[in-house]
Amino acid sequence: KPNFFSGLTAMEKKLAEYKCNTNEAIQLKLVRFPEDLEDDNTTFNPEYSHQVFGDDEVAFGYKGLKILLYYIAGNLSTFFCIEYTSKVNEKFDCVEADDVESKIREIIPPGFCTNTDDFVSLLEKEVNFKPFGMLLHTYSIHNEEAGEDITYQIYKADMTCPGFREYHERLQTFLMWFIETASFIDVDDERWNYFLVFEKYNKDGATLFATVGYMTVYNYYVYPDKTRPRVSQMLVLPPFQGEGHGAQLLETVHRYYMSSPTVLDITAEDPSENYVKLRDFVLVKLCQDLPCFSPAKLMQGFSQEMAAEAQQKLKINKQHTRRVYEILRLRATNMGDAEQSRSYRLDVKRRLIGPYKKKQRELAKMRRCLRPEEMTNQLNQIDINLQREQLEDSFQQLVSDYRRVLERLAQA
C-alpha cells in the first residue's frame with residue numbers, strides 16, 4: 001500500500017514550488033519612454049516587502065509570479081498587473097493562493113492603469129507635468145553615461161498645491177519597499193512640510209521632470225513661539241542612489257529653515273545608520289567655516305560657544321554639533337603624534353563613557369536600597385574590563401566613520 005508520508009512530502013514538494021520571494025516578484029519601473037516598458041535595465045526591486053507580505057516576504061500559490069508596478073517618471077501615474085505561469089487551484093490542490101492583488105491594492109491608491117495601452121497614452125500627457133510648490137535650489141551633477149551635466153531641482157510643497165495630495169499618495173507607496181519601518185503620514189496635519197527632488201530631462205525637444213526623491217519634515221511646536229522641525233522620512237529612489245542627492249536635499253532643507261527666526265534646531269526621528277552618515281557629512285560641510293571651529297579652538301575642546309553658534313546660524317542641535325566638533329577635531333589632529341592622539345582619544349571617550357557613568361550612579365542608588373545578595377546580581381552585569389573593551393571598540397568604530405566623512409568632504 002502507498003506510504004502516506006511519502007505522499008505527503010510529494011505534496012509538500014509540489015506546494016513548495018508555489019512559493020515566490022516577493023522582493024524578487026515585485027518589479028518596479030520609473031518610465032520616461034514607451035521603450036522603457038520592454039527594457040530590463042529600467043527595472044528595480046524592493047529591498048523590503050515584509051510590511052505587505054509578512055516577515056517571510058513570500059507569496060504562496062503561484063509559479064513564476066511577477067507583480068508589475070510601473071510609474072510614470074514624473075507624476076507617478078501607476079500601472080499595476082500580476083503575471084504568473086501557473087497557480088494552485090482549490091478544486092485540485094485543496095489550498096488557496098494568496099490574494100496578492102488585494103494586498104497591493106491596500107497600499108497603492110485607486111485610479112491605476114491595468115493595461116499598457118492606457119499607460120502609454122498617459123505617458124504622452126507627461127509633458128504637462130510640472131513640479132509642485134516653490135523652487136528652493138538647483139544643482140547639476142555630471143553623468144558619465146550620458147556624457148553631460150544633468151540638472152536637478154528641489155522644491156518645497158504642501159497640500160494646498162493643486163494635485164499634490166494625489167501625487168503624494170502615489171509617491172509614499174515607495175516607502176513600503178525601501179524603508180524598513182515605514183508608515184504613511186497623516187497628510188491632513190498642516191505641520192508637515194514636503195521637500196521634493198526632480199531631474200530635468202529632454203524628450204522630443206521638450207523639458208520634462210522626473211521624480212528623484214523626497215523628504216517629509218514635521219514642525220514640532222516649542223513653547224512659547226518656536227518650532228523644532230523633525231525629519232521623518234527621507235527617500236532617494238534606487239535609480240538615483242549614490243549620486244549625492246541625499247546630501248543636496250538635507251543641506252537645502254537646513255538652509256531653508258536657517259532663514260527662519262522661529263526655528264530652534266532640526267532633529268530626526270529614529271535615524272538609520274545611513275542617514276546619520278549623511279547628516280555628519282552635511283553638517284560638517286556647513287560648519288567647517290564657522291569661526292568657533294578654527295583649529296586652535298578645536299584643540300581647546302568642545303565649547304558652549306560652538307553649540308550656540310551652530311544652533312543660531314545653522315539650526316544644528318547640541319548633540320549633533322558635538323559630533324561635528326569631534327570630526328573636525330580629528331581632521332585637525334595629527335594622530336601620529338602620541339600627545340595629540342591621546343588627548344583626542346580621551347576627549348571622545350569622556351563623551352562615550354557618559355551612559356556608563358549614568359549606570360554607575362544608578363547602581364550606587366540601588367546599593368543604598370537593596371540587600372547585599374540582590375546587589376551582587378546587578379553588579380555582575382557591569383564588568384569593568386568589558387566596559388573598557390566596549391569603549392575602545394566604540395571609539396575605533398567612530399573614528400573610522402569619521403574618517404569616511406572627511407574623505408567625502410575632501411572630494412566635495
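Residues numbered from 1 in each chain as written. Predicted model: local features only at pLDDT ≥ 70, side-chain atom pairs only at ≥ 80, totals over all residues. Heavy atoms only, no water.

Scanning all chains against the criterion turns up 18 salt bridges. The closest approach of N and O atoms between Arg323 and Asp280, which form a salt bridge, is 2.8 Å. Of this pair, Arg323 sits in helix α13 (residues 318-332) while Asp280 sits in helix α10 (residues 273-287), and the two are 43 residues apart along the sequence. (Salt bridge = Lys/Arg side-chain N within 4 Å of Asp/Glu carboxyl O. Helix = DSSP H or I, 4+ residues; strand = E, 2+ residues; numbered from the N terminus.)

Next up on the list: the packing of aromatic side chains. All chains considered together, the criterion is met by 24 aromatic pairs. Measuring from centroid to centroid gives 6.1 Å for Phe44 and Phe178, while their planes differ by 35 degrees, and the two rings are tilted. Residue Phe44 is found in strand β3 (residues 43-44), and its partner Phe178 is found in helix α8 (residues 173-178); the two are separated by 134 residues along the sequence. Residue classification places Phe44 among the buried positions, given a relative accessible area of 10%. On the basis of an interplanar angle of 70 degrees and a centroid distance of 5.2 Å, the ring pair of Phe164 and Tyr194 is categorised as edge-to-face. Of this pair, Phe164 sits in helix α7 (residues 164-171) while Tyr194 sits in strand β11 (residues 192-203); the two residues are 30 residues apart in sequence, bridging distant segments of the chain. (Phe/Tyr/Trp six-rings, centres within 6.5 Å; stacked < 30°, edge-to-face > 60°. Buried < 20%, exposed > 50% of the residue type's maximum accessible area, 1.4 Å probe, protein only.)

A separate point is the pairing of strand β7 (residues 78-83). Remember that side chains alternate between the two faces of the sheet whenever the strand is regular. With six bridges connecting them, strand β6 (residues 66-72) and β7 associate as antiparallel partners. Residue pairing in the sheet places Lys66 in a bridge with Glu83 of β7. Counting the residues that bridge the hairpin from β6 to β7 gives five residues, and of these Leu76 lies at a positive phi of roughly 65 degrees. (Pairing = 2+ DSSP bridges.)

According to UniProt, the "site: Interaction with histone H4 N-terminus" (unreviewed entry) feature falls on Trp192. Tracing the backbone through its elements, the reader meets Trp192 in strand β11. The exposure class assigned to Trp192 is buried, which follows from its relative accessible area of 10%. Ignoring anything within four residues of it in the chain, the contact list for Trp192 reads Ile185, Asp186, Thr216, Val217, Tyr218 and Ser232. There is a polar contact of 3.4 Å between the side chain of Trp192 and the backbone oxygen of Asp186. (UniProt positions renumbered as here; feature names shortened; annotations may be inferred. Contact = heavy atoms within 4.5 Å. Polar contact = N/O pair within 3.5 Å; in protein donor to acceptor, adjacent residues only side chain to side chain.)

Counting buried positions over the 17 residues of strand β12 (residues 206-222) gives 13, a clear majority of the element. With 12 bridges joining them, β11 and β12 adopt antiparallel strand pairing. The residue of β12 that forms the bridge with Asn193 is Val217. Counted between consecutive antiparallel strands, the loop separating β11 from β12 contains two residues, among which Asp204 sits at a positive phi close to 50 degrees. In terms of strand pairing, β12 meets strand β13 (residues 226-236) through 10 bridges, oriented antiparallel. Bridging from a neighbouring strand, Tyr214 pairs with Leu235 of β13. Taken together, β12 and the strand that follows it, β13, pair antiparallel across an intervening segment of three residues.

Turning next to helix α14 (residues 338-352). Here α14 contains 15 residues, and its C-alpha end-to-end distance of 21 Å stays within 8% of the 21 Å for a straight helix at 1.5 Å per residue. Those residues of α14 lying buried are Ser341, Tyr344, Asp347, Val348, Lys349 and Leu352. Its side-chain oxygen 2.9 Å from the backbone nitrogen of Glu339, Asp337 forms the N-cap of α14. (Expected span 1.5 Å × (residues − 1).)

Right, let's get into the packing of α10 against α13. Two numbers describe how α10 lies on α13: the axes approach to 9 Å, and their chain directions differ by 75 degrees. On the basis of their axis angle, the class for α10 and α13 is roughly perpendicular. Contacts between α10 and α13 pair Val276, Arg279, Asp280, Leu283, Val284 and Cys287 from the former with His320, Arg323, Val324, Ile327 and Leu328 from the latter. Here the contact of α10 with α13 is built from residues that sort into seven nonpolar, one polar and three charged. (Axes fitted to C-alpha atoms, helices over the stretch in contact; angles between N-to-C directions. Parallel < 35°, antiparallel > 145°, perpendicular 65-115°, else oblique. Nonpolar A, V, L, I, M, F, W, Y, C, P; charged D, E, K, R; others polar.)

With that settled, the discussion passes to the UniProt feature "domain: Histone acetyltransferase type B catalytic subunit C-terminal" (unreviewed entry) in the protein chain. If you check UniProt for "domain: Histone acetyltransferase type B catalytic subunit C-terminal" (unreviewed entry), the listed places come out as residues 279-330 in our numbering. For the annotated span residues 279-330, helix accounts for 73% and strand for 0% of the residues, and the straight-line distance between the end C-alpha atoms is 17 Å.

A cis amide bond links Tyr223 with the next residue in sequence, Pro224, at an omega value of -5 degrees. Within the secondary structure, Pro224 sits in the loop between β12 and β13. Positive phi outside glycine occurs at Glu57, with the angle close to 55 degrees. Along the polypeptide, Glu57 turns up in the loop between α3 (50-53) and β4 (58-60). Residue Asp204 is not a glycine yet carries a positive backbone phi of 50 degrees. Mapped onto the elements of the fold, Asp204 is located in the loop between β11 and β12.

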